[in-house]
Amino acid sequence: MEQTETNEIPFFLKGGGEIGKLIAGKDWSRTKLGPLSAWPQSLCTTLSILLHSRFPMFLFWGADSRCFYNDAYRPSLGIDGKHPDALGEPGKAVWPEAWSAIVSMIDTVMAGGEASWQEDQLIPIFRNGRMEDVYWTFSHSRVFDESGKVGGVLVTCVETTKIVRFRNEQQKFLALFEHSHDSMAISTANHRMMHINKAGRELLGIGLDQDVTTLIGRDFYPAEELDDIIARVIPALDKEGRWSGEIPFRHFKTGESIPCHVDFINIYDPESGDLISRATVLRDLRPELEIRQRLSHKNEKLQRLIQEFTFVTDFMPQLVWSTEPDGYHDFYNQRWYDYTGLSYEESKAEGWSRVLHPDDIVPTTKVWQHSLETGEPYEVEYRFRRHDGEYRWFLGRALPMRDESGQIIKWFGTCTDIDDRRKVADKLEYLVQSRTMELSNANQTLTRKNHELEQFAYIASHDLQEPLRKIQNFADLLKTDVENEAFMPIYLEKIISSAQRMSSLIKAVLNYSRLSNGTENVKRTDLNQVVGQVLSDYETAIQEKAAVLTIEPMPVILADELQMTQLFTNLIGNALKFCDKQPVIRVTCNRLHHNLAADIPDYDPGVRYIHIAVADNGIGFDQKYAGRVFSIFQRLGAGRSYEGTGIGLALCKKIAENHKGHIWAESMPGQGSVFHVCLPAR
């Protein structure tokens, strides 16, 4: 790469910035211009002027318009464009996209023509990786060489793209401003008027050809209002940058005071932040004030009618009310306030429902909504709470008032006290229902007792009989085989074992029968403490089997603590017992997913439920037996080799039912089991 023959930067390039260094560092000997030392003095002098100028300049040199430019011109080439490859290259190669637009101007000057001047000329160029529309203001001047001929064209230029775009946007804005139906004005920061659009001139009585630049802010307001306006507007405008409100403006021809809603907005220079002008938008309030006045007269008439209506309804024994077409309650007579003790603010809209009996809210709302949707007459019986807390029955009725087109414009209704009549009817109905309920309960109890008797009969004939038969058999052997003393301890051990088995069965039956009494000791129960106690009880078994247990946090619920202890004792105990390898047990607790709600008998959608899952890696069972495992004394085939009464899961089912919950199981032989328990989280 060549610098110069003496390896020094030539004098005309010194101090020439980035471009000067690039020119000095380029090997020009391979170009048509030749080495720097061979460059004509006219080119060197011109480049010296160009490189040391802070004004953007460009030089086309020679017959093929070799390109040179300075640091000030460099930004116009963009980030990803022609720089630095353009230095010393022919103009046509550097500017193929714009050459057709500029070559004629260059040729004219090269042919000896006068200098040219173009302002805001659009010359699209390629820069920043794409074609861009770029505007320029520039001049083309001749540069003479040593022979006195034109050797090049010096271009002094400035990019005006931002200015042109701003001016175009400004023209669009002014067009919108001038043709707007709103009255608008622009003034200087010192409140001297600059421009008022046509609508504003017409509103204020200013001629379309009148010069408004001679006007200042105080010329637009009535003299008697001026001090008040200045005191209200100027401080707020200076502090907040805008002000909105109602003030009067002066009509320039008639002197009339025009009430207007006005928005004053300060306009700031986006770069310096200096206040450069103020915008004003006016809206004539006279049509609106006229409408307000007419409405005021109508409201006075309507108020008199309301007073007359109120006077009449206050004498009626019923509770009288009215609503808007959408059901918004907007009127009650005095009888309502006397009965409920509520104020109008407490009663309006849906406030009336606060005295409605909780049991009557849903059916009443359903009937009322149906009437609002269909326009059918409204009739329903419900209970209202009196101011002393007593509920009384009322018959509610309402009819819609319609206009000429049939549209509902109002609902008028009454509530008639029917409590005494209703109580007589309710008493008779209660007596009938009570007698019917007693008979039904008696039948249900009898059915349940019969079923329990059948179960106990089965137990007595099978499970309880089995240890008893063993006791009898080995007792007979003791009597008949007295000479064989070696078997005596074995017979006695069998008798004792059978007796213990029978005792365990009897205790299990008693525990099961006690659960039939439901949940008598319901209280706030921390399931974390319950599970912790159960794990403490099984501490020895857990250690002996090296069981791995994972217990997730449990909530506090309303439950019978003893029954919860029995529930987890059986579920965790079974997981430890029915496992032929190292037990891995996981107890999780989550909010019940809505997909499982359908499986819960007596599911209450208004109650939040928890879903407890006890998963193990035990011996498992066939899923087809998932229902049988919760029956009393049901033990599956594999379970015969494990100790137990066969009543534990039946206890769990009874406990879940006592708490209005549900239990079910999922299992596969050899793959473990998951027992699911859903309980209300009250």
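Just so it is clear, the model here is predicted, and its values are computed rather than measured.

> For the overall build of the chain, give the residues involved together with the corresponding values.
In terms of regular secondary structure, the chain is built from 18 helices and 24 strands. Relative to its full complement of 682 residues, the chain shows a buried share of 40%. Counted over contacts in the chain with a minimum sequence separation of 6, partners at least 24 positions apart contribute 55%. Of the accessible surface of the chain, which amounts to about 39300 Å², a share of 54% is contributed by carbon and sulfur atoms.

> Which residues make up helix H5 (residues 161-179), and what values do they have?
An ideal rise of 1.5 Å per residue puts 27 Å on 19 residues; H5 measures up with 27 Å between its terminal C-alpha atoms. For H5, the complete set of buried residues consists of Thr161, Val164 and Phe177.

> Could you give me a rundown of the side chain of serine 65, with the residues and numbers involved?
Here serine 65 shows up in the loop between strand E1 (57-61) and strand E2 (66-69). The residues contacting serine 65, other than those within four sequence positions of it, are Phe60, Glu89, Pro90, Gly91, Trp99 and Ile106.

> Can you break down the packing of aromatic side chains residue by residue, with the values?
Within this structure, the stated rule accounts for 27 aromatic pairs. Residues phenylalanine 58 and tryptophan 95 carry aromatic rings whose centres are separated by 5.9 Å and whose planes lie at 65° to one another, so their mutual orientation is edge-to-face. Within this pair, whereas phenylalanine 58 is found in strand E1, its partner tryptophan 95 is found in the loop between helix H3 (91-94) and helix H4 (99-110), the two being separated by 37 residues in sequence. There is no split in this pair, since phenylalanine 58 and tryptophan 95 are both buried. One residue, arginine 250, lies across the ring of phenylalanine 252, its end atom 4.4 Å from the ring centre. When the ring centre of tryptophan 393 is taken as reference, the NZ or CZ atom of arginine 422 above it lies at 3.6 Å.

> Explain the nonpolar core to me, using residue names and the numbers behind them.
With 44 residues, the main nonpolar core has Ile23, Trp39, Phe60, Phe68 and Trp95 as its most contacted residues. Listed by contribution, the elements that provide at least two residues to this core are helix H1 (17-25), helix H2 (41-51), E1, E2, H4, strand E6 (135-144) and strand E7 (150-159). Setting aside residues no more than four positions away along its own chain, phenylalanine 68 makes contact with Ile23, Trp28, Leu33, Trp39, Leu47, Leu50, Met57, Phe58, Leu59, Trp61, Leu87 and Gly88.

> An account of the packing of helix H17 (residues 561-577) against helix H18 (residues 648-658) is requested, with residue identities and associated values reported.
Packed helix pairs are characterised by how far apart their axes lie and by the angle those axes make with each other. At their nearest, the axes of H17 and H18 sit 9 Å apart, and the two run at 145° to each other. Considering how the two elements wind past one another, H17 and H18 form a crossing that is left-handed. Between H17 and H18, the residues in contact are Gln563, Met564, Gln566, Leu567, Asn570, Leu571 and Asn574 and Gly648, Leu649, Leu651, Cys652, Ile655 and Asn658, respectively. Within the contact of H17 with H18, the residues separate by chemical class into seven nonpolar, six polar and no charged.

> Help me get a handle on unusual backbone geometry, residues and values and all.
The peptide bond linking histidine 83 to proline 84 adopts the cis configuration, its omega dihedral lying at 0°. The phi torsion at histidine 191 lies on the positive side, around 70°, for a residue other than glycine. By the element assignment, histidine 191 lies in the loop between strand E8 (183-188) and strand E9 (193-196).

> Tell me about the sheet that holds strand E3 (residues 116-122), and name the residues and values.
The strand order E2-E1-E7-E6-E3 describes an open sheet built from five strands, whose pairing is antiparallel. Every interior strand has two partners, whereas the edge strands, E2 and E3, have only one. Here the strands of the sheet are splayed against their neighbours by 25° on average, with no regard to which way each runs. The sheet contact formed by E3 and E6 spans five bridges and is antiparallel. The residue bridging glutamine 121 from the neighbouring strand is tryptophan 136, located in E6. Strands in contact with H2 are E1, E2, E6 and E7; relative to E1, the strand with the most contacts, it is inclined by about 165°.

> Mind laying out the pattern of salt bridges, listing which residues take part and the relevant values?
In this structure the tally under the stated criterion is 30 salt bridges. The shortest N-O distance in the salt bridge between glutamate 379 and arginine 397 comes to 3.5 Å. Here glutamate 379 is found in strand E15 (residues 378-385), whereas its partner arginine 397 is found in strand E16 (residues 391-402), with 18 residues between them in sequence. Look at arginine 397 and you get partly exposed, because its relative accessible area is 43%. Overlapping salt bridges bring together Arg386, Asp388, Glu390, Arg392, Asp417, Asp419, Asp420 and Lys423 as one network.

> Can you explain the sheet that holds strand E14 (residues 329-332)? Please cite residues and give values.
Taken in spatial order, the five strands make up an open sheet running E14-E13-E17-E16-E15, and their pairing is antiparallel. The sheet is open, and its two borders are formed by E14 and E15, each paired with just one other strand. Put simply, the sheet's adjacent strands are angled 25° from each other on average, direction ignored. Against the sheet, helix H11 (residues 361-374) touches strand E13 (319-323), E14, E15 and strand E17 (408-417), its axis set at about 145° to E15.

> Before we move on, could you go through H1 and cite the residues and values that matter?
Of the positions making up H1, those classed as buried are Ile19, Gly20, Ile23, Ala24 and Gly25. Summarising the contacts, the buried residues of H1 are in contact with H2 and E2.

> Quick one: what's the story with a nonpolar patch on the surface, residue by residue and with numbers?
A contiguous nonpolar patch, built from Phe309, Met401, Ile409 and Phe412 and spanning about 310 Å² of accessible area, is present on the exposed surface. Looking at where isoleucine 409 falls in the secondary structure, it is placed in strand E17.

> Could you give an account of the environment of valine 367, naming the residues involved and the relevant values?
Along the chain, valine 367 falls in helix H11. Residue valine 367 is classed as partly exposed on the basis of its relative accessible area, which comes to 28%. Put simply, valine 367 and proline 377 are 10 residues apart on the chain and 9.9 Å apart in space, counted from C-alpha to C-alpha. Excluding residues within four positions of it along the chain, valine 367 makes contact with Tyr378, Glu379 and Val380.

> Pulling in residues and values, what's your account of the confidence of the model for the chain?
In the predicted model, the chain carries a mean pLDDT of 84, and 87% of its residues have values of at least 70. In this model residues 1-6 is a low-confidence stretch, pLDDT under 50, and it forms 19 contacts with partners more than four residues away in sequence or in other chains.

> Which residues make up the environment of leucine 289, and what values go with them?
Summarising the element assignment, leucine 289 is placed in helix H8 (residues 286-313). Given the relative accessible area of 31%, leucine 289 is considered partly exposed. As for leucine 289 and proline 259, which are separated by 30 residues in sequence, their C-alpha atoms are 8.9 Å apart.

> If you had to explain the pairing of E7 to someone new, which residues and values would you point to?
Of all 10 residues making up E7, seven are buried, and the element is well covered by its neighbours. Note: E1 against E7, five bridges, orientation antiparallel. Opposite tryptophan 61, over in E7, you have glycine 152 as the bridge partner. If you look at the hairpin formed by E6 and E7, you'll find five residues sitting between the two strands, and glycine 148 has a positive phi there, around 85°.

Conventions we followed
Residues numbered from 1 in each chain as written. Predicted model: local features only at pLDDT ≥ 70, side-chain atom pairs only at ≥ 80, totals over all residues. Heavy atoms only, no water. Helix = DSSP H or I, 4+ residues; strand = E, 2+ residues; numbered from the N terminus. Buried < 20%, exposed > 50% of the residue type's maximum accessible area, 1.4 Å probe, protein only. Contact = heavy atoms within 4.5 Å. Areas by Shrake-Rupley, 256 points an atom, 1.4 Å probe, with all protein chains shown as cover. Expected span 1.5 Å × (residues − 1). Phe/Tyr/Trp six-rings, centres within 6.5 Å; stacked < 30°, edge-to-face > 60°. Lys NZ or Arg CZ within 6 Å of the ring centre and 35° of its normal. Core = buried A, V, L, I, M, F, W, Y, C linked by side-chain atoms within 4.5 Å. Axes fitted to C-alpha atoms, helices over the stretch in contact; angles between N-to-C directions. Left-handed = near helix turned anticlockwise from the far one by under 90°. Nonpolar A, V, L, I, M, F, W, Y, C, P; charged D, E, K, R; others polar. Pairing = 2+ DSSP bridges. Salt bridge = Lys/Arg side-chain N within 4 Å of Asp/Glu carboxyl O. Patch = residues over 30% accessible without salt bridge, like charges linked within 9 Å, V, L, I, M, F, W, Y side chains within 5 Å. pLDDT = per-residue confidence, 0-100.

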